[in-house]
Amino acid sequence: MAAQSRDYYELLGVSKEASADEIKRAYRTLARKYHPDFNREPDAADKFKEIQGAYEILSDDTKRQQYDRYGEAGINPNMAGGGAGFGSVNFGDIFGNFFDDFMGGRGGASAEVRGDDLREDIELTLEEVASGTEKIIRFQRLETCTTCGGNGAKPGTSVETCLQCAGLGQVSFAQKTMLGIFQTTQPCPRCRGKGKTIATPCGTCSGSGRSRKTAERSVKVPAGADSGMRLRIVGEGDAGANGGESGDLYLFIHVRDHSLFERRGNDLYATIPVSFPTLALGGNIQIPIVAGVEEMRVPEGTQSGHEFVVKGRGLPDIRGRKVGDLHISVNASVPKNLSAEQKELLQKFADTLGEHHEEQKGFFGRLFGH
């Protein structure tokens, strides 16, 4: 194979005096460059096997000494990656940082972890919806511990590098398979992947670096908000771990039912009682609006149940478009407990409607076929 016809140090681009870390860094760089999953050039696979074979020898102190002393004659060719497959290559070692750098990952020791998003509910009145409002909200969240500054260690003590994983946050182990020896990695059980250990945890946060506190914020709710809408406040959620960014706070809006108005989008609907004389003779009446009352003219002969549309007296649109309308339905108000005089007058009025009664009889006659 080509790996046996060239100097292993030359293949990795390092000197014979290179340290183990220098060899490892050179191997990672070349492995990322020539791995056939990422390099489609025809000779990429062969080049990758050469690099792998060289690294397998030079990364092992015993094999490296034999190679330095006897050259290729002191090395078993089958151990140098000359056979089929990729031998005992540690794929996690090659591509761990690769995917972190180019695929958006943030794994590894002491990785930054974004804080959780939080939810709070806000209840509004219709009056607050109409004008917009400012609310003071109080909520619980995780904040960076002020006692230890977020490192989790008791003041006066320090955070130590994990001895089991040497600060990497991962430990490796080899596994024999039919395809060869594969080396895999997993989070370090001692430091749980953080790469650091705390001998004396902070008494406030118990070593977590975050503590739960009550936060208070003033929030402006725009006019026209509706139930089911939510407001996002960036960075007001839980604090991140290991220096990660904070989550967001989402405020879910609920509009309380109104005793008079029914809301349909930005339009409002209401039904009000109006006296029979006013409906019959016409006149001015007081109608409710969200901000109070205003006057409206009822034409002569208005029928009970008629709906009037008052433009621009509904709710504002949250996007700044036109304001909704107010729909007012009028119902004839029938008085109770009439006095004798009122009954007499009403009876006289009813007697004058004889012609109207005949029209009513004719209507029911047509309706029922009489």
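One can find the structure itself at the top, above this paragraph.
Residues numbered from 1 in each chain as written. Predicted model: local features only at pLDDT ≥ 70, side-chain atom pairs only at ≥ 80, totals over all residues. Heavy atoms only, no water.

Novice: Teacher, can you tell me more about the sheet that holds strand 1 (residues 118-124) here?
Specialist: Note: strands within a sheet are paired through backbone hydrogen bonds, in either parallel or antiparallel orientation. Taken together, the three strands give an open sheet; going across it, the order is 1-9-8, and neighbouring strands pair in mixed fashion. Two strands in the sheet have a free side with no partner beyond their single neighbour: strand 1 and strand 8 (230-233). Ignoring which end each strand starts from, the neighbouring axes of this sheet average 25 degrees apart. Relative to strand 9 (residues 249-255), strand 1 runs parallel, the two being bridged by seven bridges. Within strand 9, the residue paired with E120 across the bridge is L251. (Pairing = 2+ DSSP bridges. Helix = DSSP H or I, 4+ residues; strand = E, 2+ residues; numbered from the N terminus. Axes fitted to C-alpha atoms, helices over the stretch in contact; angles between N-to-C directions.)

Novice: In this structure, what is going on with the packing of helix 2 (residues 20-34) against helix 3 (residues 44-58)? I would like to understand it.
Specialist: For any two helices packed against each other, the geometry is given by the interaxial angle and the distance between the axes. Two numbers describe how helix 2 lies on helix 3: the axes approach to 9 Å, and their chain directions differ by 165 degrees. One element, helix 2, and the other, helix 3, form an angle in the roughly antiparallel class. The interaxial crossing formed by helix 2 with helix 3 has left-handed handedness. Residue-level contacts link I23, K24, Y27, L30, A31 and Y34 of helix 2 to A44, A45, K47, F48, I51, Q52, Y55 and L58 of helix 3. Each residue belonging to the contact of helix 2 with helix 3 can be placed in one class, and the counts come to 11 nonpolar, one polar and two charged. (Parallel < 35°, antiparallel > 145°, perpendicular 65-115°, else oblique. Left-handed = near helix turned anticlockwise from the far one by under 90°. Contact = heavy atoms within 4.5 Å. Nonpolar A, V, L, I, M, F, W, Y, C, P; charged D, E, K, R; others polar.)

Novice: Explain the sheet that holds strand 15 (residues 326-333) to me, please; I cannot follow it from the model alone.
Specialist: Pairing within the open sheet is mixed, and its four strands lie in the order 10-11-15-14. Two strands close off the open sheet at either side, each with one partner strand: strand 10 (262-264) and strand 14 (307-310). Geometrically, the sheet is characterised by an average inter-axis angle of 30 degrees between neighbouring strands, direction not taken into account. Pairing of strand 10 with strand 11 (residues 267-275) involves three bridges; the strand directions are antiparallel. Across the sheet, the residue bridging to R263 is L268, located in strand 11.

Novice: Which parts of the structure should I look at to understand unusual backbone geometry?
Specialist: Even without a glycine there, the phi angle at N242 is positive, about 55 degrees. Along the chain, the position of N242 falls in the loop between strand 8 and strand 9. One non-glycine residue, N337, adopts positive backbone phi at about 55 degrees. With respect to the helices, strands and loops of the structure, N337 is situated in the loop between strand 15 and helix 8 (340-351).

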